[in-house]
Amino acid sequence: QVQLVEFGGGSVQAGGSLRLSCAASGLTFSRYTMGWFRQAPGKEREFVAATSRTADNTRYANSVKGRGIMSRDNDKNTVYLQMNSLKLEDTAIYYCAARQGLMDWDRVSSWDYWGQGTQVTVSS
């Protein structure tokens, strides 16, 4: 069935950058909205970014605006999250998600499929 696999996480210094990737299979990738969420210890899972099927509409959480860039490559069935100027509070497990639909992109309950997550740790 549907599989979403994240990679690219790791440990970085505050102020640094990284790029996460999510490879999707088992779905017609170009027909799905794709998103990134994250969950820090003791916190609820929160919306980070999402992009539409053709990437003509991309949304970002206020916490990453100006620092995060989401993109997708429909030929590779892959989405990316470039994170710049990383802060300590960016430390979290980052999850890839997929859904059909256009509304309520920032609501966890609106998403149909989830990856297992990849850890991002930002240190001072």
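Described below are features of the structure shown in this document. All figures in this text were calculated on a predicted structure; none of them were measured in a lab.

### What about the overall build of the chain?
Item 1. Helix and strand counts for the chain stand at zero helices and 11 strands.
Item 2. Scanning the chain from its N terminus toward the C terminus, one meets helices and strands in the order β-β-β-β-β-β-β-β-β-β-β.
Item 3. For the chain, the C-alpha radius of gyration of 13 Å lies close to 14 Å, the compact-globule estimate for 124 residues.
Item 4. Counting only C-alpha atoms and orienting by the principal axes, one finds that the chain spans roughly 40 × 25 × 25 Å.
Item 5. Split by element, the accessible area of the chain, about 6500 Å² in all, is 43% carbon and sulfur.
Item 6. Where the 14 positive side-chain charges of the chain centre and where its 11 negative ones centre are 2 Å apart.

### As for the pattern of salt bridges
Item 1. A full pass over the atoms with the stated rule returns four salt bridges.
Item 2. Close ionic contact of Glu46 with Arg38 constitutes a salt bridge, the shortest N to O distance being 2.6 Å.
Item 3. A relative accessible area of 33% places Glu46 in the partly exposed class.
Item 4. Here Arg38 falls in the buried class, since its relative accessible area comes to 5%.
Item 5. A salt bridge links Asp90 to Arg38, with the shortest nitrogen-to-oxygen separation between them at 2.8 Å. Remark: Arg38 occurs in strand S4 (residues 33-39) and Asp90 occurs in the loop between strand S8 (78-83) and strand S9 (92-99); sequence separation between them is 52 residues.

### A look at the sheet that holds strand S3 (residues 18-25)
Item 1. A sheet is described by the order of its strands in space; here four strands give the open sequence S1-S3-S8-S7, paired in antiparallel fashion. Strands with a single pairing partner mark the edges of an open sheet, and in this sheet they are strand S1 (3-7) and strand S7 (68-73). Pairwise comparison of adjacent strand axes, ignoring direction, gives a mean angle of 15° for this sheet.
Item 2. Taken together, the six bridges between S7 and S8 define a ladder with antiparallel strand orientation. Bridging from a neighbouring strand, Arg72 pairs with Val79 of S8.

### Section: the side chain of Ser110
Item 1. Here Ser110 is to be found in the loop between S9 and strand S10 (113-114).
Item 2. Of note is the side chain of Ser110, whose polar atom sits 3.2 Å from the backbone oxygen of Asp104.
Item 3. In this view, Ser110 contacts Arg99 and Asp104; residues no more than four positions away in its chain are not counted.

### Structural notes on the pairing of S4
Item 1. Burial runs high along S4: six of the seven residues are buried.
Item 2. As judged from the seven bridges shared by S4 and S9, these two strands associate in the antiparallel manner. Counted as the bridge partner of Met34 is Ala98 from S9.
Item 3. In the sheet, S4 pairs with strand S5 (residues 46-51) via five bridges, with the strands oriented antiparallel. Opposite Met34, over in S5, you have Thr51 as the bridge partner.
Item 4. Linkage of S4 to S5, two consecutive antiparallel strands, is achieved through a turn of six residues, within which Gly42 is found at a positive phi near 75°.

How each quantity is defined
- Starting from 1, residues in each chain are numbered consecutively following that chain's sequence as written.
- Note on the predicted model: pLDDT of at least 70 is required for a residue's local features to be given, and 80 or more for side-chain atom pairs to be given and counted; whole-chain, interface and lining totals, by contrast, use all residues.
- Hydrogens and water molecules were not included; the side-chain quantities draw on all heavy atoms of the structure.
- Numbering goes from the N terminus for both helices and strands, where a helix is a DSSP run of H or I of at least four residues and a strand is a run of E of at least two.
- For the radius of gyration, the atom set is restricted to C-alpha positions; the globular benchmark scales as 2.2 Å times the number of residues to the power 0.38.
- The protein chains shown are the only cover counted for residues, whose accessible areas, like all others here, come from Shrake-Rupley with a 1.4 Å probe.
- This count recognises Lys and Arg as positive and Asp and Glu as negative, with His and chain-terminal groups excluded.
- Charge positions come from single atoms, namely NZ of Lys, CZ of Arg, CG of Asp or CD of Glu.
- Whenever a carboxyl oxygen of Asp or Glu lies within 4 Å of a side-chain nitrogen of Lys or Arg, that contact is scored as a salt bridge.
- Buried means the residue's accessible area, taken with a 1.4 Å probe over protein chains only, is under 20% of the maximum for its type, while exposed means over 50%, and partly exposed covers the values in between.
- DSSP bridges decide pairing: two strands pair if at least two such bridges lie between them.
- The axes used here are C-alpha line fits, helices contributing only the stretch in contact, and every angle between their N-to-C directions lies in the interval 0 to 180 degrees.
- A 3.5 Å cut-off defines polar contacts: any pair of N or O atoms within that distance qualifies, except that in protein one atom must be a possible hydrogen donor and the other a possible acceptor, and neighbouring residues in sequence count only when both atoms are side-chain atoms.
- For this analysis, residues touch if any pair of their heavy atoms sits within 4.5 Å.

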